[in-house]
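As a plain string of letters, each chain reads:
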Amino acid sequence: MERLITVEGVKRILFGKGSLRRLGAECASLGSKRVLLVMDKELAQSAFVSAAQESLKENTIDFIPYFQVTPEPSPSLADEGAEIARREKANGVVGLGGGSTMDVAKAVAVLANNPGKATDYIGLGLVRNPGLPSVMVPTTAGTGSEVTFTAVFTMRETKSKGGINSPYLYPSAAILDPEMTFSLPPYPTAYTGMDALTHAIESFTSLQAHFLSETISFKAIEIIARNLRGAVYEGSNMIYRESMLEGSYMAGLGLAMAGVGAVHALAYPLGALFNIPHGIANAVMLPYVLAYNYPGNMAKFTAIARAMGEEVEGFSLREAAMQASESVAALSRDIGIPATLKELQIPFEAIPEMAQGAMKVARPLANNPRPITVDSAAEIYRLAFKGEY
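Residues numbered from 1 in each chain as written. Predicted model: local features only at pLDDT ≥ 70, side-chain atom pairs only at ≥ 80, totals over all residues. Heavy atoms only, no water.

**Concerning the nonpolar core**
We apply this condition: By convention a nonpolar core is built from buried Ala, Val, Leu, Ile, Met, Phe, Trp, Tyr and Cys residues, the set being connected through side-chain atoms within 4.5 Å. The buried label applies to any residue whose accessible area, calculated with a 1.4 Å probe on protein chains only, is under 20% of its type's maximum; exposed applies above 50%, and partly exposed to all values in between. Secondary structure follows DSSP: runs of H or I at least 4 residues long count as helices, runs of E at least 2 residues long count as strands, and numbering of each begins at the N terminus. Note on contacts: a residue pair qualifies if any of its non-hydrogen atoms lie within 4.5 Å across the two residues.
Counting 75 residues, the largest nonpolar core has M194, L197, I221, L266, M285, L341 and Y381 as the members making the most contacts within it. With ten residues, the single largest contributor to this core is helix α9 (residues 278-293). Apart from the residues within four sequence positions on either side, L341 is in contact with L270, V284, M285, I346, M354, Y381, A384 and F385. Counting 31 residues, the second-largest nonpolar core is a separate cluster that includes I64, Y66, L77 and L169.

**Focus on the side chain of D177**
Our working definition: Charge counting treats Lys and Arg as positive and Asp and Glu as negative, with His and both chain ends excluded. Definition used for salt bridges: Asp or Glu carboxyl oxygen within 4 Å of a side-chain nitrogen of Lys or Arg. A 3.5 Å cut-off defines polar contacts: any pair of N or O atoms within that distance qualifies, except that in protein one atom must be a possible hydrogen donor and the other a possible acceptor, and neighbouring residues in sequence count only when both atoms are side-chain atoms.
Along the chain, D177 turns up in the loop between β9 (173-176) and α5 (186-205). R21 provides the closest opposite charge to the buried, unpaired D177, separated from it by 6.4 Å. There is a polar contact of 3.1 Å between the side chain of D177 and the backbone nitrogen of G18. One polar contact links the side chain of D177 to the main-chain amide nitrogen of S19, over a distance of 3.1 Å.

**Some thoughts on the sheet that holds strand β8 (residues 160-165)**
Backbone-to-backbone hydrogen bonds pair the strands of a sheet. The strands run either parallel or antiparallel. Where we set the bar: When DSSP finds two or more bridges between two strands, those strands count as paired.
On the basis of which strands lie adjacent, the open sheet formed by three strands has the order β5-β8-β7 and mixed pairing. The sheet is open, and its two borders are formed by β5 (123-124) and β7 (150-155), each paired with just one other strand. Pairing geometry for β7 and β8, over six bridges, is antiparallel. Residue pairing across strands places V152 opposite G163, the latter belonging to β8.

**Observations regarding the packing of aromatic side chains**
Selection rule: Classification of ring pairs rests on two measures: the distance between centres of Phe, Tyr or Trp rings, Trp counted by its six-membered ring, which must be within 6.5 Å, and the angle between planes, read as stacked under 30 degrees, edge-to-face over 60 and tilted in between.
Taken as a whole and judged by the stated rule, the model has five aromatic pairs. Note on Y288 and Y389: the rings are 4.8 Å apart at their centroids and 20 degrees apart in plane angle, and the pair reads as stacked. With Y288 in helix α9 and Y389 in the segment after α14 (374-386), this residue pair connects regions lying 101 residues apart in the sequence. For Y288, a relative accessible area of 4% gives the class buried. Seen in terms of ring centroids, F348 and F385 are 5.0 Å apart; in terms of plane orientation they differ by 70 degrees. Their pairing is edge-to-face.

**Considerations on the sheet that holds β9**
Cut-off, in case you're wondering: Angles here are taken between N-to-C directions and fall from 0 to 180 degrees, while the axes themselves are lines fitted to C-alpha atoms, restricted in helices to the stretch in contact.
The strand order across the open sheet formed by six strands is β1-β9-β6-β4-β2-β3, and the pairing between neighbours is parallel. In this open sheet, the two strands that pair with only one neighbour each are β1 (12-15) and β3 (62-69). Recorded for the sheet is a direction-independent mean angle of 15 degrees between the axes of neighbouring strands. Inspection of the sheet shows strand β4 (residues 92-97) paired to strand β6 (residues 134-138) by five bridges, in the parallel sense. Bridge pairing in β6 links G95 to M136. Helix α2 (residues 47-58) rests against β2 (34-40), β3 and β4 of the sheet, and its axis sits at about 155 degrees to β3.

**Describing the packing of helix α3 (residues 75-87) against helix α4 (residues 99-111)**
As a reminder, the rule being used: Here the angle decides the label: under 35 degrees means roughly parallel, over 145 means roughly antiparallel, 65 to 115 means roughly perpendicular, and every other value means oblique. Take the far helix as the reference: if the near one is turned anticlockwise from it by less than a right angle, the crossing is left-handed, and if turned clockwise, right-handed.
Running from amino to carboxyl end, α3 crosses α4 at an angle of 50 degrees, the nearest separation of the two axes being 8 Å. Judged by the inter-axis angle, α3 sits oblique to α4. As α3 packs across α4, the resulting crossing turns out to be right-handed. Taken together, the residues of α4 that come into contact with α3 (itself represented by L77, A78, D79, G81, A82, A85 and R86) are V104, A107, V108 and L111.

**A few points about helix α7 (residues 238-258)**
Where we set the bar: To estimate how far a helix should extend, the number of its residues minus one is multiplied by 1.5 Å.
In a regular helix each residue adds 1.5 Å, so 21 residues correspond to 30 Å; α7 covers 30 Å between its end C-alpha atoms and thus fits that length. Counting buried positions along α7 gives 15 out of 21 residues, so the element sits mostly inside the fold. A side-chain oxygen of the first residue of α7 lies 2.9 Å from the backbone nitrogen of I239; this N-cap is N237. At the exit of α7 stands G259, carrying a positive phi of roughly 80 degrees.

**As for the packing of helix α8 (residues 262-274) against helix α12 (residues 351-358)**
Think of two packed helices as two axes; the pair is described by the angle between the axes and how far apart they sit. As a reminder, the rule being used: Ten residues, namely Ala, Val, Leu, Ile, Met, Phe, Trp, Tyr, Cys and Pro, are considered nonpolar, four, namely Asp, Glu, Lys and Arg, are considered charged, and the remaining ones, Gly among them, are considered polar.
Relative to each other, α8 and α12 sit at 120 degrees, their axes nearing to 8 Å. Between α8 and α12, the crossing angle belongs to the class labelled oblique. Relative to α12, the crossing made by α8 is right-handed. From α8, A265, L266, P269, L270, L273 and F274 reach across to α12, where they touch E353, M354, G357 and A358. Taken together, the residues of the contact of α8 with α12 break down into eight nonpolar, one polar and one charged.

By themselves, these are just geometric observations and shouldn't be taken as functional.
The following block contains the structure:
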């Protein structure tokens, strides 16, 4: 059967130690002379902001600070940023931070050139006009937002999450500097790394996966499995940090090409209802969803087990496939990820509401290698509450 494989994405990637110094030059190459610099308040107190601003100054680029980003951002942050960009006549956007910051920055870049509010564009393919040129600089090895076409927001009024999904959200350039991740403490390193692993595994097993996305996603699984423990416990080790940034980037590419699955669908209600950070929600739900999913494609789940470093020679196909969830659970334990929803203080009585909420996350569920109903979603939550695979 013929199949169209479209490869879109970020046009320029700068990777390596010290590459933040190229920020100003990248903005200049895009024709940006006045940029909105998007960060969160905490990062704005760090040396990173000074280094970024110095690079911009060296290239005679003015910048307008917008340091209001919060975790699990609301759409209003993007609306506010876009209004400032228009008022200040910015012709570029820089997002420097984690996934929340980059999502807000990407949305700001688009909203600056499109009418209405961020909520008007929640969905797929609703953005009509290209946005401002943008450069993303991740400070975590996790979300891959620097190379995806999605910006996810939490709508607290409706207790839901949703994303703007459009090719116009692809950044113009991304700067991947492992030095930016050195100061990330062990726990955020752990759960952002598990977020990247979730992207890699779900894009690898997605029903939309193809030969190119599978190759990239599989390599990302191998890299993350080999380096995440080291990055958590030896955070100043350049090899671990650089490798994790590489793995996160590749996982983001896989996500952009093939999408994600039920882990994301079941994680969204945890963020929307209980403000659980997205990376933690994904990390906790991942082994339970894998334990449910493996009958959907046992060959691929066996490959995941091997990529995670499991010895499965002599195992039956079923036994080998089951090792994928076991290996992921072991990694989570090793790096201090909570093992259950109970540890996250999620009330057991909320499971029906969460299951209903998960079923509204249609695109990831459509990609999942095994069909999920509201009843099976509730059962996965129950197992995740009890700690049973």
